[in-house]
Amino acid sequence: MSEVLRSTDYKSNLKPIWCAGCGDFGVLASIYKAFEELQLQPENTAVCSGIGCSSRLPGYINAYTFNGIHGRVLPFATGVKMASPKSTVIAVGGDGDGFSIGAGHIGHAARKNIDITYIVMDNSIYGLTKGQASPTTPLGVKTKTTYYGNMGMTFNPVRMLIAYKASFVARTFAGNPKHVQEMIVKAIQHPGFSFVEILSPCVTFRGKDQFKIIRDKSTYLNETHDVEDELKAFDIANNEEYYALGVIYKKVRPTYAEIVREHVTKKAKATVNGTPKIDELLEQFQP
Ligand SMILES: Cc1ncc(C[n+]2csc(CCOP(=O)(O)OP(=O)(O)O)c2C)c(N)n1
Ligand code: SF4
Ligand SMILES: [Mg+2]
């Protein structure tokens, strides 16, 4: 495809079946706009997910898309990127998918700096399975599984991702689609593992007032924020009185693919003091 693409060109034939008012509608609209801004070619773009209401999102996009199994989007997306390094690879999902069953994968995708963008639509509930508490459900909140109020402390995804050495960490809010678009564009442009937490209300199981609650608690980072200052980024993440929105941390470092390429093209081919070349070593394993 070489003509100029419009946001509507990224729509698939499926119609979203989210509840009226779900924050994920705003996220999807912003993704279409971000793709238009970047002029992503559908044939060079992959959008993958796990399981959840939010994980339905790839089905609504015209690109290579995959709706997989619960919690396993990051290993899958990593494989797609390794097999097709020139493609733009985006992983999406919910707070349950990412921070419960899939939590073990995040640190490794982040520390290895796999060049993918991971978007979590955080509604602080398990939406698809009808309202159980998730890792980001606030302390004391009553849900289907926490009748007397949530007893566990609340996960702080931004703090976790900075600690895991993610090279790009941003937070945004589905109620501000322009800002969501801006964060997604920046995340995709970032060379390396980029993480975007999108506060995306579940109006059915967390209530319609979630949009107002999040909006009232939100504050936008301005250009004076030094995105490379890791300690400052932790300070911002630690302040749970408000939601700081914007790029909170960013540091460009070599991606996993760049390091592997360096090993394969230079180090592994060199012969040191008579040690065989990697090609000769590998030949031993040929049938
Ligand atoms: C292995 C496995 N365990 C549990 C489930 C049931 N399940 C499906 S979606 C989901 C949670 C979804 O929550 P989240 O990821 O936050 O997405 P949301 O629906 O809120 O967007 C669960 C527990 C499953 N599909 N597979
Ligand atoms: S249950 Fe919640 S997260 Fe799922 S579609 Fe409805 S509003 Fe959205
Ligand atoms: Mg959820």
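Keep in mind that what you see is a predicted model, and the values were worked out from it rather than measured.

Draft legend 1. Quick look at the overall build of the protein chain. Helix and strand counts for the protein chain stand at 10 helices and 8 strands. Expected size for 287 residues packed as a compact globule is a radius of gyration near 19 Å; at 20 Å, the protein chain falls within 12% of this value. Its C-alpha atoms put the protein chain at 70 × 45 × 45 Å along the principal axes. Looking at the 287 residues of the protein chain, the share that counts as buried comes to 41%. Partitioning the contacts of the protein chain with sequence separation of at least 6, the portion at a separation of at least 24 is 68%.

Draft legend 2. Broad picture of the sheet that holds strand 3 (residues 88-94). What the 8 strands build is an open sheet, ordered 2-1-3-4-6-5-8-7; its pairing is mixed. Of all the strands in the sheet, the pair left with one neighbour each is strand 2 (64-67) and strand 7 (218-220). Strand after strand, the sheet turns through a mean of 20° between neighbouring axes, direction not considered. One ladder, built from 3 bridges, connects strand 7 with strand 8 (residues 243-250); its direction is parallel. Across the sheet, residue Ser218 finds its bridge partner in strand 8, namely Tyr243. Its contacts with the sheet put helix 6 (residues 177-189) on strand 3, strand 4 (117-122), strand 5 (168-173), strand 6 (194-199) and strand 8, and the angle it makes with strand 5 is roughly 165°.

Draft legend 3. Seen up close, the nonpolar core. Counting 58 residues, the largest nonpolar core has Ala91, Ile119, Val169, Ile184, Ile198 and Ile248 as the members making the most contacts within it. Residue contacts for Ile248: discarding those within four places in its chain leaves Val158, Val169, Ala170, Arg171, Leu221, Ala233, Ile236 and Ala237. By size, the runner-up hydrophobic cluster in this structure holds 7 residues, among which are Cys22, Ile125, Cys202 and Phe205.

Draft legend 4. Examining the environment of Ala244 more closely. Looking at where Ala244 falls in the secondary structure, it is placed in strand 8. The exposure class of Ala244 is partly exposed, given the 17 C-beta atoms found within 10 Å. Residues Ala244 and Ser55, spaced 189 residues apart in sequence, show a C-alpha to C-alpha distance of 25 Å. Not counting residues within four places of it along the chain, the set of residues in contact with Ala244 comprises Arg171, Thr219, Leu221 and Ile236.

Draft legend 5. Spotlight on the site of ligand 2. By nearness alone, every residue bordering ligand 2 is listed as Trp18, Cys19, Cys22, Asp24, Cys53, Asn123, Gly127, Cys202, Val203, Thr204 and Phe205. For the shell around ligand 2, the residue count by class is 7 nonpolar, 3 polar and 1 charged.

Draft legend 6. Here's a closer look at the packing of helix 2 (residues 73-83) against helix 4 (residues 103-111). Close contact between helix 2 and helix 4 brings their axes to 8 Å; oriented N to C, the two are set at 35°. Contact residues: helix 2 offers Leu74, Pro75 and Thr78, while helix 4 offers His105, Ile106 and Ala109. Here the contact of helix 2 with helix 4 is built from residues that sort into 4 nonpolar, 2 polar and no charged.

Draft legend 7. Region of the structure containing the site of ligand 1. Around ligand 1 sit 20 residues in total, of which Gly52, Gly94, Gly96, Asp97 and Gly127 are the nearest. Elements supplying a minimum of two residues to the shell around ligand 1: strand 3 and helix 3 (95-101). The leading source of residues in the shell around ligand 1 is helix 3, at 4 residues. Class assignment of the residues belonging to the shell around ligand 1 gives a composition of 8 nonpolar, 10 polar and 2 charged.

Draft legend 8. Representation of helix 8 (residues 230-238). Along helix 8, the positions that sit buried rather than exposed are Ala233, Ile236 and Ala237. Burial along helix 8 is one-sided: seen end-on, the buried residues are contained in an arc of 95°. Exposed positions of helix 8 whose direction lies more than 90 degrees from the buried face are Leu231, Asp235 and Asn238.

Draft legend 9. Structural view of the pairing of strand 6. Most of strand 6 is tucked away: 6 of the 6 residues are buried. Going residue by residue along strand 6, you find Ser194, Val196 and Ile198 tucked away on one face and Phe195, Glu197 and Leu199 tucked away on the opposite face as well. Pairing between strand 4 and strand 6: 6 bridges, direction parallel. Looking across to strand 6, one finds that Val120 is bridged to Glu197. Both strand 5 and strand 6 contribute to a ladder of 6 bridges, which runs parallel. Note on strand 6: the bridge partner recorded for Arg171 is Glu197. In the classification by handedness, the crossover that spans strand 5, the intervening helix 6 and the parallel strand 6 is right-handed.

The rules behind each value
Residues numbered from 1 in each chain as written. Chains lettered and ligands numbered in written order. Predicted model: local features only at pLDDT ≥ 70, side-chain atom pairs only at ≥ 80, totals over all residues. Helix = DSSP H or I, 4+ residues; strand = E, 2+ residues; numbered from the N terminus. Rg over C-alpha atoms; globule rule 2.2 N^0.38 Å. Buried ≥ 20, exposed ≤ 12 C-beta atoms within 10 Å, placed from the backbone. Contact = placed C-beta atoms within 7 Å. Pairing = 2+ DSSP bridges. Axes fitted to C-alpha atoms, helices over the stretch in contact; angles between N-to-C directions. Core = buried A, V, L, I, M, F, W, Y, C linked by C-beta atoms within 7 Å. Near = placed C-beta within 6 Å. Nonpolar A, V, L, I, M, F, W, Y, C, P; charged D, E, K, R; others polar. Arc of directions from axis to C-beta. Right-handed = clockwise from strand over helix to strand, strands pointing away.

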